[in-house]
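# Observations on the model geometry
Residue-level listing of the chains:
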Amino acid sequence: MRTLAAVATAPKTDLSVTELELDECRPDELRVRMVASGVCHTDAIVRDQWYPTPLPAVLGHEGSGVVEAVGADVTGFSPGDRVVLAPASCGACTQCIAGHPQYCEQFYAYNFGGSRPDGSTQFTDDGVAVSSNFFGQSSFSQYVNVKARNAVTVSDTVPLELLGPLGCGIMTGAGSVLNVLRPGAGDSIAIFGTGAVGMAAMLAAVAAGATTVVMVDIVQSRLDLALQLGATHVVNSTEADPVERIKEITGGGARYALDTTGVPAVFAQMTRSLALLGVGGLVGAAPLGTDAPFDIGTLLTSGITIKMIVEGDSIPREFIPRLISLYEAGKFPFDKLVTTYEFADINRAFADSESGATIKPVLLFPRA
């Protein structure tokens, strides 16, 4: 069948909205009509080849939609089911079996390889294969074929138009706090970066009961929004040294900290902002081969722990419904981060995300 899709063809080049041919749904797959897809920083850096996914490619990995067809070997899904799509994993390696699918031993091949594991692509253009199955989905297409394993059934109590980012950006930020760092009631946390991941982390920290929540960024409007959504303190790092301010606010250093930027200098600030025996995490993506300064002399006696975090170390079928429950209870208002765009305006959504004008762009597909 023919499907409308956005194709990335070259680094730092606008995506081209065109029609492609979608292949048949495999026995272990679902065909999903996309309702919405978030635009994530990872889409931009893959378009620009920080990570070498083959181009031309249909990117997108924060999809939500409705199941239209179910493969012969699939159980637990029916046409009409509402689903959020999550990253792909093999389900059979040691990490998947242990409940850590975001550290799947085949994670890169399944999510960045540009094809199914057997080498086939779901999209072609006049018979020529188009790199696809990005994060197991390629959600910048009106229809996709996805493995049932990386689809999460959701209720009809929350609009599908809102839910796509729960499959990556929002899950990553919230999971980094709730699944990995795990601050408790009364704890302090400093979060560097007020993009979608950082703001989701902040919302999760507030929901977890942290009572000192410090947000650091250079965009004052985003810091102002952070205060409205639950941050107790903000630091504009163009105006003050964030390490000094965090230590002043917390009385010596934050119990927990998270860098969502992937900027080496910011990572170093995050490590220095921690209290004795503090726990820090990194989720911000950087080009492969990026080194960051880490003061092993000064920090040796601090006893800190630094964790590298992928997708919030989440089990999507457990964690996405959990986030929805928190949202419905009024404890995780991630909708305040979302701005919607028509699918045809995908390149404006990318530009607004890059400039900081929009925290989390979500594309809405035309109804088939």
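Preceding block: the structure.
The structure contained in this document is the topic of the report that follows. The residue numbers shown here count from 1 along each chain, following its written sequence. Thresholds applied to this predicted model are a pLDDT of at least 70 for local features of residues and 80 or more for the giving and counting of side-chain atom pairs; totals over whole chains, interfaces and linings are not thresholded and use all residues. Each side-chain value is derived from all of the structure's non-hydrogen atoms; neither hydrogens nor water enter the calculation.

## As for the overall build of the protein
Using the following cut-off: The way it works is that DSSP assigns letters per residue, a run of H or I at least four long becomes a helix, a run of E at least two long becomes a strand, and they are numbered from the N terminus. For a compact globule the rule gives 2.2 Å times the number of residues to the power 0.38, and the radius of gyration it is set against comes from C-alpha atoms. Contacts are residue-level and defined by heavy atoms, with any inter-residue pair within 4.5 Å sufficient. By the counting scheme adopted, Arg and Lys are positive, Glu and Asp are negative, and His together with the chain ends is not counted. For charged residues, the charge sits on one atom: NZ in Lys, CZ in Arg, CG in Asp, CD in Glu.
When helices and strands are counted, the protein shows 11 helices and 17 strands. Over its C-alpha atoms the protein spans a radius of gyration of 20 Å, differing by no more than 12% from the 21 Å that the globule rule assigns to 368 residues. Seen through its C-alpha atoms, the protein measures out along the principal axes to roughly 60 × 40 × 40 Å. Contacts spanning at least 24 positions in sequence make up 68% of the contacts within the protein whose residues lie at least 6 apart. Distance between charge centres in the protein, computed from 24 positive and 38 negative side chains, equals 4 Å.

## As for empty space enclosed by the protein
Definition in use: Buriedness of a pocket was judged along seven lines, with at least five required to meet protein on both sides within 12 Å; pockets are open sets of points on a 1 Å grid over the protein atoms alone, cavities are sets where a 1.4 Å probe fits but cannot get out, and lining residues have an atom within 4 Å of a point. Grid points are joined across faces, edges and corners, and a volume is the space filled by probe spheres set on the points.
Taken as a whole and judged by the stated rule, the model has 1 cavity of 30 Å³ or more. Residue lining of the largest cavity: Glu29, Ala88, Tyr110, Ser115, Arg116, Pro117, Asn133, Gly136, Asn145, Val146, Lys147 and Asn150, and that is the complete set. When residues of the lining of the largest cavity are assigned to their parent elements, the largest contribution, 3 residues, is made by strand S8 (residues 143-147).

## Side note on the pattern of salt bridges
It is possible for side chains of opposite charge to pair when their charged atoms get near one another. Filter applied, for reference: The term salt bridge refers to a side-chain nitrogen of Lys or Arg lying within 4 Å of a carboxyl oxygen of Asp or Glu.
Summed over all chains, the structure comprises 15 salt bridges. The partner of Glu68 in a salt bridge is Arg33, and the shortest N-O contact between them spans 3.5 Å. Here Arg33 lies in strand S3 (residues 29-38) and Glu68 lies in strand S4 (residues 63-70), a separation of 35 residues in the sequence. Between Arg322 and Glu318 there is a salt bridge whose closest N-O contact spans 3.9 Å. Of this pair, Arg322 and Glu318 are both found in helix H10 (residues 316-328), 4 residues apart, which corresponds to roughly one turn of the helix. Three or more residues joined by partner-sharing salt bridges are found here, namely Asp23, Arg26, Glu29, Arg116 and Asp118.

Shape is all these values report; function is a separate question.
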